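Below are the chains, spelled out letter by letter.
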Amino acid sequence: MVRDPEPRPRLSRRAVLLGAGGLVAGCSRRREAGEVRLRLATGPAGAVYRRIGGSLAAHISEQVPGATVTTVPSRASTDNIRMLRAGAVHLGLTSLDALISTDGRAPGGLSAVCRLYDSHLHLVVLAGSAIDAFGDLKGRRVSLGARDSGTEFISLRVLGLGPVRADVRYLSQAESAAALRDGEIDAMFSLTGVPTPAITELAQRRPIRLIPLDAQADALFTAFPGPYAPATIPATAYAGVPATRTVAVPNVLLARDDLPADLVYAITDTIFTHTGTITSASRDEDGAAVPDAVPEAWQINVRTGIATASVPLHPGAAAWFRDHKR
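My aim in this report is to walk through the structure given alongside it, one point at a time. No experiment lies behind these values; they were computed from the predicted model shown. (Residues numbered from 1 in each chain as written. Predicted model: local features only at pLDDT ≥ 70, side-chain atom pairs only at ≥ 80, totals over all residues. Heavy atoms only, no water.)

### Observations regarding helix α8 (residues 214-223)
Each turn of an α-helix holds 3.6 residues, which means side chains three or four residues apart point in the same direction. Residues of α8 that are buried include every one of Q216, A217 and L220, and no others. For α8, the buried positions fall inside an angular range of 105° around the axis, keeping them on one side. What points out from α8, more than 90 degrees from its buried face, is the exposed set A215 and T222. Of the surrounding secondary structure, the elements contacted by the buried residues of α8 are α5 (150-161) and β10 (244-256). (Buried < 20%, exposed > 50% of the residue type's maximum accessible area, 1.4 Å probe, protein only. Helix = DSSP H or I, 4+ residues; strand = E, 2+ residues; numbered from the N terminus. Arc of directions from axis to C-beta. Contact = heavy atoms within 4.5 Å.)

Shown next, in the form of structure tokens:
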């Protein structure tokens, strides 16, 4: 859905950033002339959000003159939406289903920069587990992801539609993988890109299996039409794990509506112009380069980037897509 913006003045990027700084400086400790400082909410340790968010922040800082983007670790989707609405951050990542309410609307004050990539719902168990199907989760110790995460959001929906009553825990992806490895839980849900670092590391230490979620995907499509699509986690994702049917959810980059249109235009341009460099290198929390750390960035393209469902595009992003029709 594209929101029709008012006529956009053609300003130089320096003029845009000078004007933008006055609006966003309230969340910054200091601002020098010609600089704009932005905060981007990402995700927890072991999650794709953390890596792709860090890579996006680094490339926007490098490519948009005068802009510096700092990442803010979070519990992921729902937590990021909360911080955006509170004005604690200016940009943030979220899964589409956590953003759209049951009436199909997105929260006020927020709009999309673009759709980035799709996350797949993983239900992971150790290879020797007695859990062979979704229904076997009854009474088992199951991590639903961190509180306020997209994993928690979709996992609660799936269990509610089951219905399956499990002994639920709320652990981040890295915590879930460690707990499953050590026998402290029996299964973990993870809504994330493919492959995801925490599950990849777990599979390197202990053989794992993925539980198919065909029926659960169908139930989600019926109960919540719009944000879900059938998908397969490929056999190449994790060593020794066959292709597994599941459900996919798009991820979007959100911006506060009060960010200037030309600033968001420049951010959108950076994302789609420099996708190749985003895929080839990321940066860890210490700022060191991490080669080939963001394979999900290969999904970023203009054709799907505009597909944000009922979430309106920010006027700056809408203008960029109009200027780059193919």
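Right, picking up where we left off after that structure.
### Examining the pairing of β10
By the criterion of burial, β10 is predominantly enclosed, with 12 of the 13 residues buried. Sheet topology places strand β3 (residues 91-95) next to β10; 5 bridges connect them, and they run antiparallel. Note on β10: the bridge partner recorded for T94 is V252. Direction of pairing for strand β4 (residues 110-126) relative to β10: antiparallel, over a ladder of 8 bridges. (Pairing = 2+ DSSP bridges.)

### A short note on the pairing of β3
The side chains of a regular strand alternate between both faces of the sheet. Of all 5 residues making up β3, 5 are buried, and the element is well covered by its neighbours. Of the two faces of β3, the one carrying L91, L93 and S95 and the one carrying G92 and T94 are both buried. Where strand β1 (residues 36-41) meets β3, 2 bridges bridge the pair, whose relative direction is parallel. Following the sheet pairing, A41 is matched in β3 by G92.

### Examining helix α9 (residues 261-273)
Its 13 residues give α9 an end-to-end C-alpha distance of 18 Å, which sits within 8% of 18 Å, the value for a rise of 1.5 Å per residue. The buried count for α9 comes to 11 of 13 residues, which makes it a mostly enclosed element. What α9 keeps buried is the set D262, L263, V264, Y265, A266, I267, T268, D269, T270, I271 and F272. (Expected span 1.5 Å × (residues − 1).)

### A short note on the pattern of salt bridges
Overall, the coordinates contain 12 salt bridges when judged by the stated rule. Ionic pairing is found between R147 and E152, a salt bridge with its closest N-O pair at 3.6 Å. Exposure remark for R147: the relative accessible area of 45% places this residue in the partly exposed category. Across the salt bridge formed by E201 and R205, the nearest N and O atoms sit 3.3 Å from each other. Here E201 pairs with R205, and both are found in helix α7 (residues 197-205), just 4 residues apart, close to one helical turn. Linked by salt bridges that have partners in common, R75, D79, R82 and D148 make up one network. (Salt bridge = Lys/Arg side-chain N within 4 Å of Asp/Glu carboxyl O.)

### So, unusual backbone geometry
It is generally the case that most residues other than glycine have a negative phi and that most peptide bonds are trans. A cis amide bond links G162 with the next residue in sequence, P163, at an omega value of -20°. Position of P163 relative to the elements: it lies in the loop between α5 and β6 (167-169). The omega angle of the peptide bond from V194 to P195 is -5°, so this bond is cis rather than trans. Here P195 lies in the loop between β7 (187-192) and α7. We note that A76 has phi near 100°; this positive angle belongs to a residue other than glycine. On the secondary structure map, A76 appears in the loop between β2 (67-72) and α3 (77-86).

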